[in-house]
Each structure stands twice: as C-alpha cells, then as structure tokens.
Amino acid sequence: GGGGGGGGATTDDDVVHNANGVRVKTDRGRGASVTNVTFAHVHARALTGAAIDITMRYHADKPLADAAHTPRVERVRVLHSRFDARTVGQLVGLPESWLRDVLLDNVTIVARAAHWHFTTARPACYVSGVARRLVPPLPDACSDVRVVDE
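What you see is a predicted model, and the numbers here were worked out from it, not measured in a lab.

J.: Please give an account of the nonpolar core that cites residues and values.
T.: Counting residues in hydrophobic clusters, the biggest one holds 34 residues, and the most contacted among them are Ile52, Phe83, Leu91 and Ile109. Setting aside chain neighbours within four positions, we find isoleucine 52 in contact with Val22, Val78, Phe83, Val88, Gly89, Gln90, Leu91, Leu104, Val107, Ile109 and Trp116. One finds Ala40, Leu79, Leu103 and Val130 within the second-largest nonpolar core, a separate group that totals 5 residues.

Here you go:
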C-alpha cells in the first residue's frame, strides 16, 4: 500500500495495558509524513512489547534508497510518562530521512531488556532532538540527540 500519514495528534493522561506503549511506525515506500504528535502523561503497565517504538524502518529488509517514497517523521514528543514493559524500544530514522525534532522529556522506562534496540547490525539512530530526564539514557549511537540534565 501507499499513502497514509498523519499529524497534529495528542494523547494526554492515558493508562495503557497493551502490547506496546508509544508506537509510531512507517517504512520506505510509504511516502507519508507524521508530524506534530504528542504523547503526554502516559502510564503503561505490564506491556508485553516495547515502551517506545518509533521507527521508519518497520520492514528493515527494504532497500536503502527509495527516495521517491521516503517517509518523513518530525516533532514527536513523549512527555511526563512512565512505562513498565518487556523492552525499552527503539528510535530509528533513515539515513536519507532522519526522525527530526524528537523530544523525550521526563520519561522513565522499567524493562526486563533495559537497553535501546537497533534494527541495523551497526547501531545508528538517525534521530535529532532532545532527551531530558530520560531513563534509561539513549546509547552513544544517538549522539545527535541533545541530552539535557536538569
């Protein structure tokens, strides 16, 4: 399929009992954009999947260059939230289309697998933005995310 996309969505003060907490997924070949999405005051317990799963490589085996249908994801915020999950999750952009202006502020994740996951053999995030009061912290591969300690 093709198309899709969305923007301007906000969820506030949610209690989640599901497989995943925050999830935004797209892939090469979709060509859509996801912008201005905010998840605030999310309280997720006993998640069987990831706490935060924001990926532009939902099917990691797709070719790296499909510029005509490259998705765009920007201005995604996760604010004042706590997750109890099986895994921490992932933030994965594309080399040709980074996740832009991501904000993770006052987010705590308690997970059995307490590390961020990568869909590539060589860790690379392709993410820009800000992380403030984030537990666990992002790995060094996400060096373009500015970490603010307050």
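J.: Talk me through the packing of aromatic side chains; I want residue IDs and the actual numbers.
T.: Going through the model one piece at a time under the given rule, you end up with 1 aromatic pair. Ring plane angle 65° and centroid distance 6.0 Å describe the contact between tryptophan 98 and tyrosine 126, whose orientation is recorded as edge-to-face. Taken together, the positions of tryptophan 98 in the loop between strand 7 (72-92) and strand 8 (99-116) and tyrosine 126 in the loop between strand 8 and strand 9 (127-135) put the pair 28 residues apart, joining distant regions of the chain. For tyrosine 126, a relative accessible area of 24% gives the class partly exposed.

J.: Describe the pairing of strand 8, listing the residues and the values that go with them.
T.: Residues in a regular strand point their side chains to alternate faces of the sheet. Two elements, strand 7 and strand 8, share 12 bridges in a ladder whose sense is parallel. When the sheet's bridge partners are listed, valine 78 is paired in strand 8 with leucine 104. With 7 bridges joining them, strand 8 and strand 9 adopt parallel strand pairing. What sits directly across from valine 102, in strand 9, is glycine 129.

J.: A description of the pattern of salt bridges should follow, citing residues and the corresponding values.
T.: Considering all chains together, one arrives at 6 salt bridges under this definition. Between aspartate 101 and arginine 77 there is a salt bridge whose closest N-O contact spans 3.3 Å. Linking aspartate 101 in strand 8 with arginine 77 in strand 7, this pair joins segments that are 24 residues apart in sequence. Residue classification places aspartate 101 among the partly exposed positions, given a relative accessible area of 36%. The partner of aspartate 105 in a salt bridge is arginine 132, and the shortest N-O contact between them spans 3.3 Å. Linking aspartate 105 in strand 8 with arginine 132 in strand 9, this pair joins segments that are 27 residues apart in sequence. Classification of aspartate 105 by relative accessible area gives buried; the value is 8%. Through salt bridges with shared partners, a single ionic network connects Arg72, Glu74 and Arg75.

Cut-off values and rules
Residues numbered from 1 in each chain as written. Predicted model: local features only at pLDDT ≥ 70, side-chain atom pairs only at ≥ 80, totals over all residues. Heavy atoms only, no water. Core = buried A, V, L, I, M, F, W, Y, C linked by side-chain atoms within 4.5 Å. Buried < 20%, exposed > 50% of the residue type's maximum accessible area, 1.4 Å probe, protein only. Contact = heavy atoms within 4.5 Å. Phe/Tyr/Trp six-rings, centres within 6.5 Å; stacked < 30°, edge-to-face > 60°. Helix = DSSP H or I, 4+ residues; strand = E, 2+ residues; numbered from the N terminus. Pairing = 2+ DSSP bridges. Salt bridge = Lys/Arg side-chain N within 4 Å of Asp/Glu carboxyl O.

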